[in-house]
Each structure stands twice: as C-alpha cells, then as structure tokens.
Amino acid sequence: IGFGAAYKILQRVYKFGGQPVVKDALTKKYGSEFDERFGHKTGQTLLAAISGSLIGIGEVVLLPLDALKVKAQTAPEQLHGRGVVNIFAQEGMSLYRGAGLTAMRN
C-alpha cells in the first residue's frame, strides 16, 4: 500500500470511527448539562460539533503520512529506495510542517 492509500484509510477510520466515540463520551459526561443549558436539540448539535472539532484537531497525528503522500506524488525520486523507517528518521519533525494550519482547518 502506498502512502496515499495508507493515509486515506487511516484518516477515514480515525475520523468516522473516532467522532462517534468522542461524542458518546462527551454526552455521557456533559450531556445533561448541555441539554439544560441549550435545550436537547441544540445541546446534541453542540456536542456533535465539539467532538468533530476534537477529532479534526487530532488528525494532525496523521500529517506525516499526508506529507509523504504529497512527496510521492510530486517528487517520487526523493523517496525512491528509502524505507519508511529511514524516511521518518531522516525527515523527523519536518513531516509535521503545517500542523497548525491543519488543526485550524479541521
């Protein structure tokens, strides 16, 4: 599996699998407070929005795979003959460039 496929699979599993789990946890802990303060419908909408935002911010963890996907698409010669462990060791934290903007976007 290439970087692009691995990134998309992990991203989808994380986003679509993680958001309901976070929403359930927030609802269990804060649901009654949100219902009292905002009403049931608005409270549930806010809990869904908050859980989606938290999942979006957490997606920064997958950013290195996205960066490698882009490199593989635009400059494949930079990755040719290098293993994943070698790439992560050499590139290091530079694979997280743009993490702030990704967190704000999501």
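Residues numbered from 1 in each chain as written. Predicted model: local features only at pLDDT ≥ 70, side-chain atom pairs only at ≥ 80, totals over all residues. Heavy atoms only, no water.

Student: Mind showing me how you'd approach the overall build of the protein here?
Tutor: Counting secondary structure elements, the protein contains five helices and zero strands. Mapped in sequence order, the helices and strands of the protein form the string α-α-α-α-α. Expected size for 106 residues packed as a compact globule is a radius of gyration near 13 Å; at 18 Å, the protein overshoots this value by more than 25%. Each principal axis of the C-alpha atoms in the protein carries an extent, and together these give about 60 × 25 × 20 Å. Element-wise, carbon and sulfur atoms account for 64% of the exposed surface of the protein, whose accessible area totals about 7,000 Å². A gap of 4 Å separates the mean positions of the 13 positive and 8 negative side-chain charges of the protein. (Helix = DSSP H or I, 4+ residues; strand = E, 2+ residues; numbered from the N terminus. Rg over C-alpha atoms; globule rule 2.2 N^0.38 Å. Areas by Shrake-Rupley, 256 points an atom, 1.4 Å probe, with all protein chains shown as cover. Lys, Arg positive; Asp, Glu negative; His and termini not counted. Charge placed at Lys NZ, Arg CZ, Asp CG, Glu CD.)

Student: Which parts of the structure should I look at to understand the packing of aromatic side chains?
Tutor: Here the distance between the centres and the angle between the planes together describe a pair of aromatic rings. Per the counting criterion, the structure on display carries one aromatic pair. Between Phe34 and Phe38, the aromatic rings sit 5.6 Å apart at their centres with planes inclined by 50°, giving tilted as the arrangement. Linking Phe34 with Phe38, this pair stays in helix α1 (residues 3-38), spanning four residues, or about one helical turn. (Phe/Tyr/Trp six-rings, centres within 6.5 Å; stacked < 30°, edge-to-face > 60°.)

Student: Just to check I follow, could you spell out the side chain of Lys69 for this structure?
Tutor: Position of Lys69 relative to the elements: it lies in helix α3 (residues 63-74). Lys69 has contacts with Phe3, Gly4 and Tyr7, leaving out every residue within four places of it along the chain. (Contact = heavy atoms within 4.5 Å.)

Student: Is there a simple way to explain the environment of His40 in this structure?
Tutor: Residue placement: His40 occurs in helix α2 (residues 40-58). When the C-alpha atoms of His40 and Met93 are compared, they prove to be 43 Å apart, with 53 residues separating the residues in sequence.

Student: Sorry, what's going on with the nonpolar core here?
Tutor: Counting residues in hydrophobic clusters, the biggest one holds eight residues: Phe3, Tyr7, Leu62, Leu65, Leu68, Leu79, Ile87 and Leu95. Elements supplying a minimum of two residues to this core: α1 and α3. Leaving out residues up to four positions away in the same chain, Ile87 has contacts with Phe3, Leu68, Leu79, Arg82 and Gly92. (Core = buried A, V, L, I, M, F, W, Y, C linked by side-chain atoms within 4.5 Å. Buried < 20%, exposed > 50% of the residue type's maximum accessible area, 1.4 Å probe, protein only.)

Student: Please explain α2 as it appears in this structure.
Tutor: In an α-helix, one full turn covers 3.6 residues, which means residues spaced three or four apart are oriented alike. With 19 residues, α2 extends 27 Å between its outermost C-alpha atoms, agreeing within 8% with the 27 Å of an ideal straight helix rising 1.5 Å per residue. When we look at burial in α2, the residues that qualify are Gly43, Gln44, Leu47, Ser51, Ile55 and Gly56. On the buried face of α2, the contacting elements are α1. (Expected span 1.5 Å × (residues − 1).)

Student: Where do I start with the pattern of salt bridges in this structure?
Tutor: For side chains of opposite charge, pairing can occur when their charged atoms come near one another. A full pass over the atoms with the stated rule returns four salt bridges. A salt bridge links Glu59 to Lys15, with the nearest nitrogen and oxygen atoms 3.4 Å apart. In this pair, Glu59 is assigned in the loop between α2 and α3 and Lys15 in helix α1, connecting sequence segments 44 residues apart. With a relative accessible area of 26%, Lys15 lands in the partly exposed category. The salt bridge partner of Arg82 is Glu91, with a shortest N-O separation of 3.5 Å. The class for Glu91 is buried, based on a relative accessible area of 17%. Three or more residues joined by partner-sharing salt bridges are found here, namely Lys71, Arg82 and Glu91. (Salt bridge = Lys/Arg side-chain N within 4 Å of Asp/Glu carboxyl O.)

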